[in-house]
Each structure stands twice: as structure tokens, then as C-alpha cells.
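# Per-entry structural report
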Amino acid sequence: MELKMLRSTWGVQVPWSTCVAQLREAGCTGLEARLPMVAQERRVLRDRLRAEALDYIATVFSGADVIPRQADGPEVHLQHLARAFDAAAQLNPRFVNLLAGNDRWPLSEQVDFLGRAQALADSAGVFCSFETHRASSLYSPWVTLDIVRQLPQLQYTADISHWVVVCERLLDDPLDDLTPFLQRVHHVQARVGYAQGPQVPDPAAPEYAPELAFHQRIWETIWALQHSKGYVETTLTPEFGPDGYLHLLPYTRSPVADLWQLNRWMAQQERVHFGRWSRQHGVLSSSPKQYQPTSGH
């Protein structure tokens, strides 16, 4: 099994050429970026991806943005998704990474909505991976496990940092069995959270070694489960970001770290980590059986 790493464009402010040069230097093969809903912007992105031969994961929000409009119900989200999945298909992404729903909806409504969202993705011919994220339908591990039981066909993007904040602890109690969810994880977003926030100031700092180790154990479990299913590639996106995630000094609002260097460090760390894990478990770069998504690319 091979590790494919992509660069998130969240918070990127450098020119396109610099962005590409940096991601290649860090060993990334493409971008995880928000899907443009304007046709001309999609054409620009498509041409850039083709010119640089970059992989692409399309980020889609079922609501207007990361935080959904609270007045919008499932039908509004589904109408937007129908348009977004059709737009995503034009860019031929590896898959769509979807932040779906609203944390305020009751469980029965969540299940109905997510099932219909999956049906829309299938109809559009795109593979959809549902991301764990605060403010979305998958804001809590316990709600998500209920959804997994009722919709076993869904696949997921694991950003465990959000659940660490929601539960205000590392999920390492013997009762914290996330196996049914982890068995269905398709993609990893590699950010390290802690009990009081979704992003530690610096994952290399020794005071956050327990948090880093916890997240890495989760990722190892995902890799092992993917390998057992026949995955020949696993994808991971280092995703340290701005917008209140990156710690700022009071008054001056100067960042405590350089955002790209955080993601670059995480990319390098996880390449070494994956290589070490692969050697320890005899995981080769190819497999006699190849996992194929049911739809999309």
C-alpha cells in the first residue's frame, strides 16, 4: 500500500507557482481544495491541475460554508449538493470530501439526509467521503456511530481532532471503541487536536507528544483496516489551518508558527511514520487485490 499526500489550500496565500513548488518539495502529489461553483473558476482550476499533473480532492459543503445557515433545512442542502456533485464530476477528482448537514438536526433527519446525499453522489458518478467536523452532521463520535449502524454504505474522512474537542479528551478510554467508523474511513486529514482546541500550536513540541501519538495510533488503525480491504493507495492531507485554528499572540495577533511549516512538518512526519508502520507490518506498495470505490474515481 502506498501513501499519497495532498496539500490543503486552506489558508494558502502564496502564488500558484509557489504553492505547487512547495507541495512537490514536501512530497505531495496534489491538492485538496474547495470546489469552485463558478464555471469559469472550475475551468481555471481544471487547466492548472492538468498542466501540473496534480491529483485533486474536491471539498464540498452541503451548506453555504463550513458553518451552515441555521435556517436551511435538509432540502436546501440537497439542492445545493445536486449542483455541487455535477460540478465536481467535471473536474474528475479522486473523490469529493463532503462536510454535510447541520449538528442541530435530530438523528432521524440526519440519517435520511445523509442517505439521500449518498444517492445524489452515486447518481452524479462521484465517490463521496463524509468528513467528521464540528457544526456538521458528524460533529460527535457517538452520533456518527449511530449513523454508521443505520447507513453502513457511507465512507468517511477522518479528522479526529474535531471529536477530541467535542469530547474534551483524547478518545483513548477502553470504552471508546470507534472500530465501526474506522472500518469505513477512506481518507485522513492529519491535524493534531487537543482537549481544548482542534489544533495544537505546534505538533512537534514535546508537550503535545501524547496528542500526536494518539492521532497517529488512529491513523495506523485506519491504514491497517484499509490494507485488509485491499487498498493499494491511502490518502492523507496535512490540514493545519488559519481562522482561529492557528494560535495568535494577544494584541499583535502575530501567529505563533508559520502555517506552511506546520503542514510541511506534518507531511514529512507522516511519510516517515507510514514507512515505519509499513515495514513493521510487512505492508508492500502493491497488493494482489485492489480496492475499487463503488463510484467516482
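Just so you know, these numbers come straight off a predicted model, no measurement behind them. (Residues numbered from 1 in each chain as written. Predicted model: local features only at pLDDT ≥ 70, side-chain atom pairs only at ≥ 80, totals over all residues. Heavy atoms only, no water.)

## Side note on the overall build of the chain
- In terms of regular secondary structure, the chain is built from 9 helices and 8 strands.
- Relative to its length of 297 residues, the chain is compact, with a C-alpha radius of gyration of 18 Å against a globular reference of 19 Å.
- The principal-axis extent of the C-alpha atoms belonging to the chain is close to 55 × 50 × 45 Å.
- Taking all 297 residues of the chain together, 54% fall into the buried category. (Helix = DSSP H or I, 4+ residues; strand = E, 2+ residues; numbered from the N terminus. Rg over C-alpha atoms; globule rule 2.2 N^0.38 Å. Buried < 20%, exposed > 50% of the residue type's maximum accessible area, 1.4 Å probe, protein only.)

## A word on helix α3 (residues 74–89)
- Helix length check: α3, at 16 residues, gives a terminal C-alpha distance of 22 Å against a target of 22 Å (1.5 Å per residue), a fit within 8%.
- Along α3, the residues classified as buried are Pro74, His77, Leu78, His80, Leu81, Ala84, Phe85, Ala87 and Ala88.
- Those residues of α3 that are buried lie in contact with α2 (39–52), β3 (55–61), β4 (95–99), α4 (107–124) and β5 (128–131). (Expected span 1.5 Å × (residues − 1). Contact = heavy atoms within 4.5 Å.)

## Description of the packing of helix α6 (residues 160–167) against helix α8 (residues 209–229)
- Axis separation between α6 and α8 bottoms out at 11 Å; the angle between their running directions is 125°. Our classification of the angle between α6 and α8 gives oblique. The crossing of α6 and α8 is right-handed. Along its contact with α6, which presents Ile160, Ser161 and Val164, the element α8 presents Phe214, His215 and Ile218.
- Its residues placed into classes, the contact of α6 with α8 shows 4 nonpolar, 2 polar and no charged. (Axes fitted to C-alpha atoms, helices over the stretch in contact; angles between N-to-C directions. Parallel < 35°, antiparallel > 145°, perpendicular 65-115°, else oblique. Left-handed = near helix turned anticlockwise from the far one by under 90°. Nonpolar A, V, L, I, M, F, W, Y, C, P; charged D, E, K, R; others polar.)

## Observations regarding the pattern of salt bridges
- A complete count under the given rule lists 14 salt bridges for this structure.
- In this structure, Glu2 engages Lys4 in a salt bridge whose closest nitrogen and oxygen atoms are separated by 3.8 Å.
- Glu2 gets classed as partly exposed once you look at its relative accessible area, which sits at 36%.
- Between Arg169 and Asp176 there is a salt bridge, with its nearest N and O atoms 2.6 Å apart.
- Judged by its relative accessible area of 31%, Arg169 falls in the partly exposed class.
- Residue classification places Asp176 among the buried residues on the basis of a relative accessible area of 12%. (Salt bridge = Lys/Arg side-chain N within 4 Å of Asp/Glu carboxyl O.)

## Considerations on the packing of α3 against α4
- Running from N to C, α3 and α4 point in directions that differ by 25°, and their axes come no closer than 9 Å. Between α3 and α4, the angle is such that the two are roughly parallel. Once α3 is placed against α4, the crossing between them reads as right-handed. Taking contact as the criterion, the partners of Pro74, Glu75, His77, Leu78, Leu81, Ala82, Phe85, Asp86 and Ala89 in α3 are, on α4, Glu109, Phe113, Arg116, Ala117, Leu120, Ala121 and Ala124.
- Of the residues assigned to the contact of α3 with α4, the class counts are 11 nonpolar, 1 polar and 4 charged.

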